[in-house]
Number of protein chains: 2
Amino acid sequence: MPNIDDYIFQLDVDKGEHIIATYYLESKDFLAAAKAIAIGQSIGNPDVRTQRDSPQIMRDHLAKILDLRISLTSKQKGFLKIAFPIINFNIEEDGVTQILCMLMGGQMDIDIINHCVLKGVEFPKKVLDNFKGPKFGMENIMRRAKAIDRPFLGGIIKPKTGITISQLKEMVKELLEGGVDFIKEDEILGNPAFCPFEERVRVVSEMVNDFSREVGREIFYTPCINSDYPYFLERAKFADSCGVRAVHLNFWAGFPAYKALRDLDMKNAAIFFQKSGDKVITGVN
Amino acid sequence: MPNIDDYIFQLDVDKGEHIIATYYLESKDFLAAAKAIAIGQSIGNPDVRTQRDSPQIMRDHLAKILDLRISLTSKQKGFLKIAFPIINFNIEEDGVTQILCMLMGGQMDIDIINHCVLKGVEFPKKVLDNFKGPKFGMENIMRRAKAIDRPFLGGIIKPKTGITISQLKEMVKELLEGGVDFIKEDEILGNPAFCPFEERVRVVSEMVNDFSREVGREIFYTPCINSDYPYFLERAKFADSCGVRAVHLNFWAGFPAYKALRDLDMKNAAIFFQKSGDKVITGVN
């Protein structure tokens, strides 16, 4: 049986064919922990090799530790780079879900790892090309709002829930007259009975679009579409059809939801990413 | 303007109309932190009240701290119960996304919170009724496998990636002859070109179903459907149509993905929840 150490340590890989992750790792046995991540997140069990762990599987499918074996033996904490072969998945369909699963999967649960945080990722062009990126971008948005020589001014609807559509209209009116470019509904406002999504978006977008025409600059009313599959997509389509300029989705919808939303390729609406709660992932404010 | 303290502390709420969360919280100002969570995750800004924060909004929409104000003033750490009114969202559509967003949203980002972990949640019947729960359950699964007076025996495909369909067939044959009830594809195996999902599921399910008929007990081949929306749903439908007995989805697909998958109401296939990477949420192995 081939020795995995002959394959797992490489100082260099083809950057066009690998996703390269940088971890900060703490372990009493740094070397074993590093191997556990690279093996466990690609071909198999960290410690047990099977008769089918062939040289070809190790060469082509095993994730590689971008360091010398000897550099890891005396460490107990530090940075670690691991290269994951993109041949292991289907970039378009497996997508964000599999990328996250490869980068931040089972290694988190392994006993010998005391602490492991993903600090950075380099994606090859082949992967990046599969993601559309922002459709408009801030420069386009600020130009449309005529916020050229001044700040792009945003206002958030408060109270964020409990308001009726007529109260919402009053607040939007005040915001518009106050000169905002961006009106955000907060992440708590889904589709409650007292302020239904479709009705409020129809009413508010009409009001905002009328005002926009009057003043000759676009105003980015951003309804919250935060909800489960397939509702957030339906809400996005509806909002876009009303001519709203952005929609707001919180990260608890799941990261793959952003790809599905971007793939809608909405005509008018930009996507506002809301991070409420992401501290569970990042550990920082 | 009404005083929020007259509304936010309640020893009791209608359990049929609230989701009750238990947090473990650490803060130099426990009282202010508790209020920040209850206010910030329901009606608005923790510190700034607007003229529209009416008694009705505070009564019906504000989340309530289930304790006396006085009990919180001398604390710096401890448990905290907060009741979130379900009137604030649409249970069916806003769903898992909004529940998580309410329970684990912006409070994580607030300066005065040193540490805050969600420890438990009580759901009212109205919320639970909206989730279908397991379609089969372990008792049904074990009966179908005829694993009555013996353990339900599972085997995992290793190497988890890099194998061809013909190698997969060999391994499945060995597992079947070895007497397993459950054959799991690991979370890394998506839809790679060298082992395409539809082809392998068609080939393996036929093999497993033939063997099942021969031995007179069901075997739960569980292909990994881990992928982005809408692909995981398409893969689930395809696998179910091939008569597989379960599908495997990892939590990185996003929690709302499980609801969408359960809503498919697959004829044959149970849902296997895979937790690889959930330590970022739970903090524990």
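The rules we used
- Residues numbered from 1 in each chain as written.
- Chains lettered and ligands numbered in written order.
- Predicted model: local features only at pLDDT ≥ 70, side-chain atom pairs only at ≥ 80, totals over all residues.
- Heavy atoms only, no water.
- Axes fitted to C-alpha atoms, helices over the stretch in contact; angles between N-to-C directions.
- Helix = DSSP H or I, 4+ residues; strand = E, 2+ residues; numbered from the N terminus.
- Left-handed = near helix turned anticlockwise from the far one by under 90°.
- Contact = heavy atoms within 4.5 Å.
- Nonpolar A, V, L, I, M, F, W, Y, C, P; charged D, E, K, R; others polar.
- 1 Å grid on protein atoms, 1.4 Å probe; cavity = no way out; pocket = protein on both sides within 12 Å on 5 of 7 lines; lining within 4 Å.
- Points joined across faces, edges and corners; volume = space filled by probe spheres on them.
- Pairing = 2+ DSSP bridges.
- Buried area = accessible area lost by both parts, 1.4 Å probe.
- Salt bridge = Lys/Arg side-chain N within 4 Å of Asp/Glu carboxyl O.
- Polar contact = N/O pair within 3.5 Å; in protein donor to acceptor, adjacent residues only side chain to side chain.
- Phe/Tyr/Trp six-rings, centres within 6.5 Å; stacked < 30°, edge-to-face > 60°.
- Buried < 20%, exposed > 50% of the residue type's maximum accessible area, 1.4 Å probe, protein only.
- Lys NZ or Arg CZ within 6 Å of the ring centre and 35° of its normal.
- UniProt positions renumbered as here; feature names shortened; annotations may be inferred.
- Least-squares fit on C-alpha atoms with pLDDT ≥ 70 in both.
- Domains from an automatic or database assignment.

All names here are of chain B. Contact pair helix H10 (residues 231–241) / helix H11 (residues 255–263): the axes reach a minimum separation of 10 Å and the direction vectors enclose 35 degrees. Read as a crossing pair, H10 and H11 show a hand that is right-handed. In this structure, H10 uses Phe232, Leu233 and Ala236 to contact H11, whose residues at the interface are Ala257, Ala260 and Leu261. Looking at side-chain class alone, the contact of H10 with H11 contains six nonpolar, no polar and no charged residues.

A word on empty space enclosed by the protein. Applying the stated criterion across every chain, the model contains one cavity of 30 Å³ or more. What the largest cavity holds in volume is close to 140 Å³. In terms of lining residues, the largest cavity is bounded by Phe251(A), Trp252(A), Gly254(A), Phe255(A), Ile281(A), Phe251(B), Trp252(B), Gly254(B), Phe255(B), Pro256(B) and Ile281(B).

Moving on: the sheet that holds strand S1 (residues 18–26) of chain A. All names here are of chain A. Spatial ordering of the open sheet is given by S2-S3-S1-S4, a layout of four strands whose pairing is antiparallel. Strands with a single pairing partner mark the edges of an open sheet, and in this sheet they are strand S2 (64–65) and strand S4 (115–122). Of the strand pairs in this sheet, S1 and S4 are connected by seven bridges, and their pairing is antiparallel. The residue of S4 that forms the bridge with Thr22 is Gly120. Across the face of the sheet, helix H2 (residues 30–40) comes into contact with S1, S2, strand S3 (77–85) and S4 while running at roughly 25 degrees to S3. The sheet strands contacting helix H5 (residues 91–103) are S1, S3 and S4, and the helix crosses S1 at an angle near 40 degrees.

Interface size is commonly expressed as the accessible area that is lost once the parts come together. Listed per partner, the contact involves 75 residues of chain A and 75 residues of chain B. Interface area for chain A against chain B, summed over the two sides, is near 6,100 Å², with a carbon-plus-sulfur share of 53%. Its largest share of buried area at the contact with chain B, chain A owes to Arg52(A), Tyr229(A) and Trp252(A), together 13% of the area lost on that side. Connecting chain A to chain B are eight salt bridges. Notably, a salt bridge pairs Arg52(B) with Glu174(A), separated by 2.8 Å at the nearest N-O pair. Taken together, the connections running from chain A to chain B amount to 32 residue pairs in polar contact (both at pLDDT 80 or more). Residue contributions to the side of chain A that touches chain B peak at 10 residues, all from H5(A). Per-class residue counts for the side of chain A that touches chain B are 30 nonpolar, 27 polar and 18 charged.

We now examine the packing of aromatic side chains. Within the structure shown, the criterion is met by 18 aromatic pairs over all chains. Taking 5.1 Å as the distance between ring centres and 55 degrees as the angle between the ring planes, the aromatic pair formed by Tyr258(B) and Phe273(B) counts as tilted. Of this pair, Tyr258(B) sits in helix H11 while Phe273(B) sits in strand S9 (residues 270–274), placing them 15 residues apart in sequence. On the basis of relative accessible area, Phe273(B) is assigned to the partly exposed category, the value being 41%. Taken together, Phe152(A), Phe182(A), Phe220(A) and Phe272(A) form an aromatic cluster joined through their ring pairs. The ring of Phe136(A) carries Arg144(A) above its face, with NZ or CZ at 4.8 Å from the centroid. For the cation-ring pair, Arg235(A) lies above Phe197(A), with the distance from its terminal atom to the ring centre recorded as 5.6 Å.

Turning next to the UniProt feature "domain: Ribulose bisphosphate carboxylase large subunit C-terminal" (unreviewed entry) in chain A. As annotated in UniProt, the feature "domain: Ribulose bisphosphate carboxylase large subunit C-terminal" (unreviewed entry) corresponds to residues 146–268 of chain A in the numbering used here. Note that residues 146–268 of chain A is 43% helix and 11% strand, and that its end C-alpha atoms are spaced 16 Å apart.

Let us look at the relation of the copies chain A and chain B. Between the two copies, chain A and chain B, the superposition gives an RMSD of 0.0 Å; the rotation angle is 180 degrees and the shift along the axis is 0.0 Å. Classification of the inter-copy transformation places it as that of a two-fold axis. The position closest to the rotation axis in chain A is occupied by the C-alpha of Gly254(A), lying 2.1 Å away. Interface overlap between copies is the fraction of interface residues in one copy that are interface residues in the other; for chain A against chain B it reaches 97%, indicating a shared surface.

Residues and elements named next belong to chain A. Ordered by their spatial adjacency, three strands build an open sheet running S5-S6-S7, and the pairing between neighbours is parallel. Each edge of the open sheet carries a strand with a single partner, namely strand S5 (154–156) and strand S7 (220–222). Taken over all neighbouring pairs, the strand axes of this sheet differ in orientation by 15 degrees on average, direction set aside.

Residue and element names in this part refer to chain B. Examined against the element boundaries, Val208 turns out to sit in helix H9 (residues 197–215). With relative accessibility at 0%, the residue Val208 sits in the buried group. Along the primary structure Val208 and Phe30 are separated by 178 residues, whereas in three dimensions their C-alpha atoms are 57 Å apart. Val208 has contacts with Val172, Leu176, Ile183, Ile219 and Tyr221, leaving out every residue within four places of it along the chain.

This next bit is on the domain arrangement of chain A. Residue and element names in this part refer to chain A. Looking at chain A, the domain boundaries give domain 1 (5–128) and domain 2 (137–282). The C-alpha-based centres of domain 1 and domain 2 are spaced at 39 Å. With five residues of domain 1 in contact, the opposing surface of domain 2 contributes four residues. Overall, the association of domain 1 and domain 2 removes approximately 390 Å² of surface from exposure, summing both partners, and the carbon and sulfur fraction of that is 69%. It is Glu92, Val96 and Leu100 in domain 1 that bury the most area against domain 2; as a group they hold 65% of the surface buried on that side. If you look at where domain 1 meets domain 2, you find one salt bridge. For Glu92, the salt bridge identified is with Lys259, shortest N-O distance 3.6 Å. Our count for the domain 1 to domain 2 interface comes out at one residue pair in polar contact (both at pLDDT 80 or more). Across the side of domain 1 that touches domain 2, the residue classes break down as three nonpolar, one polar and one charged.

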